[in-house]
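The residues making up each chain are set out below.
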Amino acid sequence: MKPYAWNGIHLQLPDDWEMLQFSKDPAHGRIVFGDRYQLRFELDWAALDLPPDLGRMAEDYKAKLIQDGIKEARPTARHPWLGVTGLQDGARISRYCAYFNDRTYLLEAIFLWPQDDNPRHNPQFEARLLETIRVVPLQDDHLQEWNAFGIRCLAPDDHRLDDCLAEPANVRLTFTSPDRRLEETAARIGMLKAWLNRGLDDYLRSLIPKDYSLLSMSHATQDGHDVWTAEATITRAVLTDWWHGRRHFSAAAWICPNDQRLRILTRTAPDRRDGLPPPPFALSCCDKLEVTL
Amino acid sequence: MSKPHIATVQDSNWRRMLQAIPEKNTAAQVTRHGEQVSISIRNVRPAYLRPPISWFVPFKERRIVALDALGTRLWTLCDGSRTVEDIIDAFCADYGLSFHEAKTCVTDYLKKLVQRGVLAVVIDR
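These figures come from a predicted structure and were not determined experimentally. (Residues numbered from 1 in each chain as written. Chains lettered and ligands numbered in written order. Predicted model: local features only at pLDDT ≥ 70, side-chain atom pairs only at ≥ 80, totals over all residues. Heavy atoms only, no water.)

Enquirer: What exactly am I supposed to notice about the layout of surface pockets here?
Expert: Empty space among the atoms becomes apparent when a probe as large as a water molecule is rolled across them. Estimated volume of the largest pocket: approximately 730 Å³. Forming the walls of the largest pocket are 32 residues, and the residues nearest its centre are Glu18(A), Met19(A), Phe149(A), Gly150(A) and Ser98(B). Where the lining of the largest pocket is concerned, the elements lending two or more residues are β1 (2-6), β3 (18-22), β11 (143-148), β13 (160-167), β19 (261-270) and β20 (282-286) of chain A together with α5 (99-115) of chain B. Space inside the second largest pocket adds up to approximately 290 Å³. Mapped onto the lining of the second largest pocket, the elements with two or more residues apiece are β15 (183-189), α4 (200-207), β18 (247-256) and β19 of chain A. Considering every element that reaches the lining of the second largest pocket, the biggest residue donor is β15(A), with five residues. Looking at the lining of the second largest pocket residue by residue, the class counts come to seven nonpolar, three polar and five charged. (1 Å grid on protein atoms, 1.4 Å probe; cavity = no way out; pocket = protein on both sides within 12 Å on 5 of 7 lines; lining within 4 Å. Points joined across faces, edges and corners; volume = space filled by probe spheres on them. Helix = DSSP H or I, 4+ residues; strand = E, 2+ residues; numbered from the N terminus. Nonpolar A, V, L, I, M, F, W, Y, C, P; charged D, E, K, R; others polar.)

Enquirer: It is not clear to me how the interface of chain A and chain B should be interpreted in this structure. Could you clarify?
Expert: How big an interface is tends to be expressed through the accessible area that disappears when the partners come together. Each side of the interface is counted separately: chain A has 32 residues, and chain B has 28 residues. Linking chain A to chain B there are three salt bridges. Among the salt bridges present, the one from Arg36(A) reaches Glu85(B), with a minimum N-O distance of 2.8 Å. Taken together, the links from chain A to chain B amount to twelve residue pairs in polar contact (both at pLDDT 80 or more). Secondary structure elements with two or more residues in the side of chain A that touches chain B: β3, β4 (28-34), β5 (39-47), α1 (54-67), β8 (91-100) and β9 (105-112) of chain A. (Contact = heavy atoms within 4.5 Å. Salt bridge = Lys/Arg side-chain N within 4 Å of Asp/Glu carboxyl O. Polar contact = N/O pair within 3.5 Å; in protein donor to acceptor, adjacent residues only side chain to side chain.)

Enquirer: Even after reading the chapter, I still don't get the environment of Ala251(A), so can you show me in this structure?
Expert: Residue and element names in this part refer to chain A. Of note, Ala 251 is situated in strand β18. With relative accessibility at 1%, the residue Ala 251 sits in the buried group. Sequence separation of Ala 251 and Trp 228 is 23 residues, and the distance between their C-alpha atoms is 8.2 Å. With sequence-adjacent residues up to four places away left out, Ala 251 is seen in contact with Leu 204, Trp 228, Thr 229, Ala 230, Leu 265, Thr 266 and Leu 293. (Buried < 20%, exposed > 50% of the residue type's maximum accessible area, 1.4 Å probe, protein only.)

Enquirer: Can you walk me through the pairing of strand β16 (residues 213-222) of chain A in this structure?
Expert: Strand residues, when the strand is regular, have side chains that alternate between the two faces of the sheet. Residue and element names in this part refer to chain A. Two elements, β16 and strand β17 (residues 225-234), share nine bridges in a ladder whose sense is antiparallel. When the sheet's bridge partners are listed, Gln 222 is paired in β17 with His 225. Hairpin remark: β16 followed by β17, antiparallel, with two residues in the connecting loop; positive phi at Asp 223, about 45°. (Pairing = 2+ DSSP bridges.)

Enquirer: What is the right way to read the packing of aromatic side chains from this model?
Expert: Working definition: an aromatic ring pair is given by the centre-to-centre distance plus the angle between the planes. This structure, assessed with the given rule, holds 16 aromatic pairs over all chains. Arranged with centres 4.8 Å apart and planes meeting at 70°, the rings of Tyr4(A) and Phe33(A) form a pair that is edge-to-face. Here the residue Tyr4(A) occupies a position in strand β1, and Phe33(A) occupies one in strand β4, the gap between them amounting to 29 residues. Residues Tyr4(A) and Phe33(A) agree in their burial class; the two are buried. Taken together through their ring pairs, the aromatic side chains of Trp6(A), Phe22(A), Trp146(A), Phe149(A), Phe175(A) and Phe281(A) make up a single cluster. Just above the ring of Trp113(A) sits the side chain of Arg40(A); from NZ or CZ to the centre is 5.2 Å. Above the ring of Trp14(B), the side-chain terminus of Lys103(B) is found at 4.4 Å from the ring centroid. (Phe/Tyr/Trp six-rings, centres within 6.5 Å; stacked < 30°, edge-to-face > 60°. Lys NZ or Arg CZ within 6 Å of the ring centre and 35° of its normal.)

Enquirer: Teacher, can you tell me more about the pattern of salt bridges here?
Expert: Side chains that carry opposite charge are capable of pairing whenever their charged atoms lie near each other. Evaluation of the coordinates by the stated rule reveals 14 salt bridges over all chains. Linking Glu101(B) and Arg261(A) is a salt bridge whose minimum nitrogen-to-oxygen distance equals 2.7 Å. You can see Glu101(B) sitting in helix α5 and its partner Arg261(A) sitting in strand β19, one on each of two chains. Each of Arg36(A), Glu85(B) and Asp89(B) takes part in salt bridges that share partners, so that together they form one network.

Enquirer: Sorry, what's going on with unusual backbone geometry here?
Expert: What is expected of a backbone is that most residues other than glycine have negative phi and most peptide bonds are trans. Residues and elements named next belong to chain A. Between His 79 and the following residue, Pro 80, the backbone shows a cis peptide bond with an omega angle of 5°. Within the element layout of this structure, Pro 80 appears in the loop between β6 (71-78) and β7 (81-88). Positioned with a positive phi, Glu 72 is a non-glycine residue whose angle comes to about 50°. Inspection of the secondary structure assignment puts Glu 72 in strand β6.

Following this line, the structure appears as structure tokens:
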């Protein structure tokens, strides 16, 4: 089973399932997973102001599904999940909902079983998978884990996922602070032989934004990972920088020897008036290395 | 609860596409330049291209499609026996990609090659 963490929701899914669709909005959205042949699982979330009446909701839900053409609908339950299972277009579909007090999330989990594998519809598998779904409350360290597309990072919990680029061999998550002055990115890039034709230090230098001047460049090795880090700053005579502080750019890059993918971690942040460093932002590639800016 | 986005089984199933077999255009002329390949395809003369229009509008008998390293690998794998799924698996192994990363890559490229007349895709042989 492969772990995923998205928007405070943690779950574990079969190794051959991949995330194929996602939403960024913490108030409501969904993530969808598929195996190599079809979509298999969808998880929807919605932040509610008050806990819902789940029993009544399940009844209404069943009635609506029957109205929508789901056949042989019958209720099912896996605490704390209430659900309905039935046949849609000849394939079995199971839908469950549960309310989680942490973050006041109402979650809906939808399993779509292969049409040709109907006899293999496996309620125990559904139960096992539902057991892995949990909504993680905000942590004391104020960090939130994100784990998808081969990226596992810890971002400050008040920072929002602003952008998620998921292309073949090129994944990048971008987080921003509520005032949008602080931006962090975590990236995982593959097919290095096809495009990386210079040293990592040189490549990292090329990531430094225009008009920033390099302050320092360093290198460290841990468990076969050669990690390059860079610090740069910009001084501009503009009112926003005078008010908010000078902006700093920090970055780290390394190639994980396990999957041969390049990991990049960057942060652009203004100096804080209280002199405290910005909140930590961490990216790990495997069990052996986690880099924190 | 909202209406699910997994709307119908048909929408979410791409098994048939994976079982399709890409076939090379047998009329194509292939030139190799080291590890890369150029493919020359015969153009079909449009019906309207007759005198006097053809006196002013030039017609090229052939067009050249130059493939990069990725395209060349894809072209090589399209031998008339491998399915799209087999080609995706080969890309996963060659480039260290996940199945769906390779699927996006391969199907996008196949689509372009089909549009340019380099390949045809046989479904349900």
